[in-house]
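Tertiary structure, described
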Amino acid sequence: MRILVVGSGGREHALAHTLSKSPDVSAVLAAPGNGGTATCGENIALADTDVPGIVALAKDRGIDLVVVGPEAPLVAGLRDALETAGVPCFGPDAYAAQLEGSKAFAKEVMTAAGVPTAAYETFTDAASARAYARKLNGPMVVKADGLAAGKGVTVARDTAEAIAAIDESLVAGAFGTAGATVVVEEA
């Protein structure tokens, strides 16, 4: 079995290392990989969000299974594109990947399913978000809706700190499109 691991972090190194130990695996490739994945197989200089490039690579190199580590390629529809091309992929489709890729979507699913979650509201307008923060009047959490590379969440001790986080995201655009919507929730 030929396996392609997508991503470049420690998680992908652990996946590549473990997969390379299987007697059922004849080759491990990593895109783009890292120094650790290079010790387990072959690194391919291809961005993990290059969906057409990864699909082409999988087809050209006879990949039997793609294992995706990071969220961004899944949110971008990598599994969907691989499935369309007939390449098996371990990872959720783009719709399900929204659970990680959109804080607002995750909160909506939790609410609809009756999963306990903090009270929240979702905003694209800074004035409305500020008004909600003033209404909460205490500790709260402000989250950029999209993938913000581990950034974009502020655990605010008070309303002023929450308003600063709202303005950073919605007014200053600090998180780009990932912060064009924010979730404000009780702490």
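Provided above is the structure to which this section pertains.
Residues numbered from 1 in each chain as written. Predicted model: local features only at pLDDT ≥ 70, side-chain atom pairs only at ≥ 80, totals over all residues. Heavy atoms only, no water.

With that settled, consider the sheet that holds strand β3 (residues 42-43). Strand order in the open sheet formed by 5 strands is β3-β2-β1-β4-β5, and the pairing between neighbours is parallel. Lying at the two open borders of the sheet, with one neighbouring strand each, are β3 and β5 (89-90). Sheet strands touched by helix α1 (residues 10-20): β1 (2-7), β2 (27-32) and β4 (65-68). Its angle to β1, the strand with the most contacts, is close to 170°. (Pairing = 2+ DSSP bridges. Helix = DSSP H or I, 4+ residues; strand = E, 2+ residues; numbered from the N terminus. Contact = heavy atoms within 4.5 Å. Axes fitted to C-alpha atoms, helices over the stretch in contact; angles between N-to-C directions.)

Looking now at helix α9 (residues 159-171). The end-to-end C-alpha distance of α9 is 17 Å, a good match for the 18 Å that 13 residues give at a rise of 1.5 Å each. Taken residue by residue, α9 has T159, A162, I163, A165, I166, S169 and L170 as its buried positions. End-on view of α9: buried residues confined to an arc of 160°, all on one side of the axis. What points out from α9, more than 90 degrees from its buried face, is the exposed set A160 and V171. Where α9 is buried, its residues meet β6 (120-123), α8 (126-136), β7 (140-144), β8 (153-156) and β9 (182-186). Of the residues one or two after α9, G173 is the one with positive phi, at around 70°. (Expected span 1.5 Å × (residues − 1). Buried < 20%, exposed > 50% of the residue type's maximum accessible area, 1.4 Å probe, protein only. Arc of directions from axis to C-beta.)

Here the focus is the pattern of salt bridges. A full pass over the atoms with the stated rule returns 6 salt bridges. Its salt-bridge partner being R130, residue D167 comes within 2.8 Å of it at the nearest N-O pair. In this pair, D167 sits in helix α9 while R130 sits in helix α8, placing the two residues 37 residues apart along the sequence. Note that K143 is salt-bridged to E185, the shortest N-O span being 3.1 Å. Of this pair, K143 sits in strand β7 while E185 sits in strand β9; the two residues are 42 residues apart in sequence, bridging distant segments of the chain. Relative accessible area serves as the criterion here: at 9%, E185 is assigned to the buried category. Three or more residues are tied together by salt bridges with common partners; here these are K107, K143 and E185. (Salt bridge = Lys/Arg side-chain N within 4 Å of Asp/Glu carboxyl O.)

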